[in-house]
Amino acid sequence: MEVIYSPETPADLKNTKGLHLLTDNTPNGKKVQILLEELHSVYSTVWHTHLIDLETDEQKKNWFCRLNPNGRIPVVVDSTQHEVYSVVESSAILVYLQERYDQNKVFGFEDPFEKSQALQWLFFWHSAAVVQGNARHFKSGDVPQAAERFQTEMLRIYSVLENHLGGRRGAERDYLAGRGRGKYSIADMGTWPHVSAYRSLCVPGMVEEQDMRARFPCLFAWIARVAGREAVQRGIDAEKYDCDVNRGLVIRAEV
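Residues numbered from 1 in each chain as written. Predicted model: local features only at pLDDT ≥ 70, side-chain atom pairs only at ≥ 80, totals over all residues. Heavy atoms only, no water.

Per an unreviewed UniProt entry, the protein carries the name Glutathione S-transferase and comes from Conoideocrella luteorostrata. A UniProt comment under Sequence similarities (unreviewed entry) is attached to the protein, and it reads "Belongs to the GST superfamily." (UniProt positions renumbered as here; feature names shortened; annotations may be inferred.)

Structure below.
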């Protein structure tokens with residue numbers, strides 16, 4: 001969407017042309033951080049990182065909501081062209097960055113079928129992420145019906161991924177999208193940061209990690225496969241992307 005800065009917009013953002021990432025080291029933030037790190041590995045892509053302190057509700061202030069009316073991270077602001085443009089919603093950002101900056105389609109697809117498949121899995125997880133959030137929220141058991149409901153649904157969603165990767169509905173594969181065994185793409189980047197946080201769902205006596213590993217072997221192999229990429233590890237590095245650790249990159253409204 002077209003951006004009109006306010007007087008409160010941080011100077012580092014509005015006075016510097018280029019590609020800007022506003023983020024914090026949450027699962028949604030990590031998706032975009034990972035893709036940018038991957039693009040840097042292939043194309044030497046550069047960008048400006050600005051960390052948002054979510055604990056202070058900086059993302060709800062007027063200057064930020066001009067970039068994203070929903071008041072959430074991550075946000076990409078692209079001022080590399082004449083018009084300044086913001087992109088919101090993590091999955092939409094992945095699509096934008098891949099199409100705009102991945103000219104060789106290293107992390108996307110030329111074939112319409114494969115491209116559609118990547119979008120399908122990207123959207124699948126985008127809708128499923130809220131279930132995982134609710135499962136974590138209710139895991140204390142204070143509301144037993146809600147805890148059971150969301151844990152059961154989250155395990156069902158993991159089963160969908162397990163069946164897809166394990167070839168229960170077709171050929172066994174290494175990645176979510178692409179012909180054959182698949183190709184590492186934005187579909188994986190959009191899913192991995194959430195699924196790799198599976199331990200947050202574990203509840204003693206209800207959902208144990210060893211039981212999850214036994215039930216979802218192909219999913220856990222995929223988690224490890226993606227985690228083995230250097231750009232993925234750079235993309236989740238708290239020293240670089242956590243506002244509590246890297247205070248020098250934190251931006252806030254101009255007073």
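Continuing now.
(A) Representation of the pairing of strand 3 (residues 75-78). Of the two faces of strand 3, the one holding Val75 and Val77 and the one holding Val76 and Asp78 are both buried throughout. Counted between consecutive antiparallel strands, the loop separating strand 3 from strand 4 (residues 85-88) contains 6 residues. (Buried < 20%, exposed > 50% of the residue type's maximum accessible area, 1.4 Å probe, protein only. Helix = DSSP H or I, 4+ residues; strand = E, 2+ residues; numbered from the N terminus. Pairing = 2+ DSSP bridges.)

(B) Representation of the environment of alanine 118. Counting through the fold element by element, alanine 118 comes out in helix 5 (residues 112-137). In contact with alanine 118, not counting residues within four places along its chain, are Phe109, Ala177, Ser185 and Ala187. (Contact = heavy atoms within 4.5 Å.)

(C) Layout of empty space enclosed by the protein. Summed over the entire model, instances satisfying the criterion amount to 1 cavity of 30 Å³ or more. As for the largest cavity, its lining consists of Val95, Gln98, Glu99, Phe107, Gly108, Phe109, Lys115, Ala118, Leu119 and Ile186. For the lining of the largest cavity, the elements supplying multiple residues, two or more each, are helix 4 (90-101) and helix 5. Here the lining of the largest cavity is composed, by residue class, of 6 nonpolar, 2 polar and 2 charged. (1 Å grid on protein atoms, 1.4 Å probe; cavity = no way out; pocket = protein on both sides within 12 Å on 5 of 7 lines; lining within 4 Å. Points joined across faces, edges and corners; volume = space filled by probe spheres on them. Nonpolar A, V, L, I, M, F, W, Y, C, P; charged D, E, K, R; others polar.)

(D) Examining the pattern of salt bridges more closely. Enumeration over the complete set of coordinates arrives at 15 salt bridges. Arginine 229 is the salt-bridge partner of glutamate 38, the closest N and O atoms lying 2.8 Å from each other. Residue glutamate 38 is located in helix 2 (residues 27-43), and its partner arginine 229 is located in the loop between helix 9 (217-227) and helix 10 (230-235); the two are separated by 191 residues in the primary sequence. Residue arginine 229 is classed as partly exposed on the basis of its relative accessible area of 27%. (Salt bridge = Lys/Arg side-chain N within 4 Å of Asp/Glu carboxyl O.)

(E) Here's a closer look at the sheet that holds strand 1 (residues 19-23). Read from one edge to the other, the open sheet built from 4 strands follows the order 2-1-3-4, with strand pairing classed as mixed. The sheet is open, and its two edges are formed by strand 2 (48-51) and strand 4, each paired on a single side. Looking at each pair of strands side by side, their axes are set apart by 20° on average, direction ignored. Of the strand pairs in this sheet, strand 1 and strand 3 are connected by 4 bridges, and their pairing is antiparallel. Bridging from a neighbouring strand, leucine 19 pairs with aspartate 78 of strand 3. Across the sheet, helix 2 lies against strand 1 and strand 3, angled at about 150° from strand 1, the strand it touches most. Most of the contacts of helix 4 go to strand 4, to which it runs at about 130°, and overall it touches strand 1, strand 3 and strand 4. (Axes fitted to C-alpha atoms, helices over the stretch in contact; angles between N-to-C directions.)

(F) Seen up close, the layout of surface pockets. Looking at the largest pocket, its volume works out to about 560 Å³. Along the wall of the largest pocket there are 20 residues; nearest its centre are Thr26, Asn28, Arg72, Ile73 and His194. For the lining of the largest pocket, the element with the most residues is helix 5, which contributes 5 residues. Taken together, the residues of the lining of the largest pocket break down into 6 nonpolar, 10 polar and 4 charged.

(G) Quick peek at unusual backbone geometry. Backbone torsion omega between isoleucine 73 and proline 74 reads 0°, so that peptide bond is classified as cis. Considering the arrangement of structural elements, one finds proline 74 in the loop between helix 3 (62-65) and strand 3. Although it is not a glycine, lysine 105 sits at a positive phi angle of roughly 55°. The topology assignment puts lysine 105 in the loop between helix 4 and helix 5.

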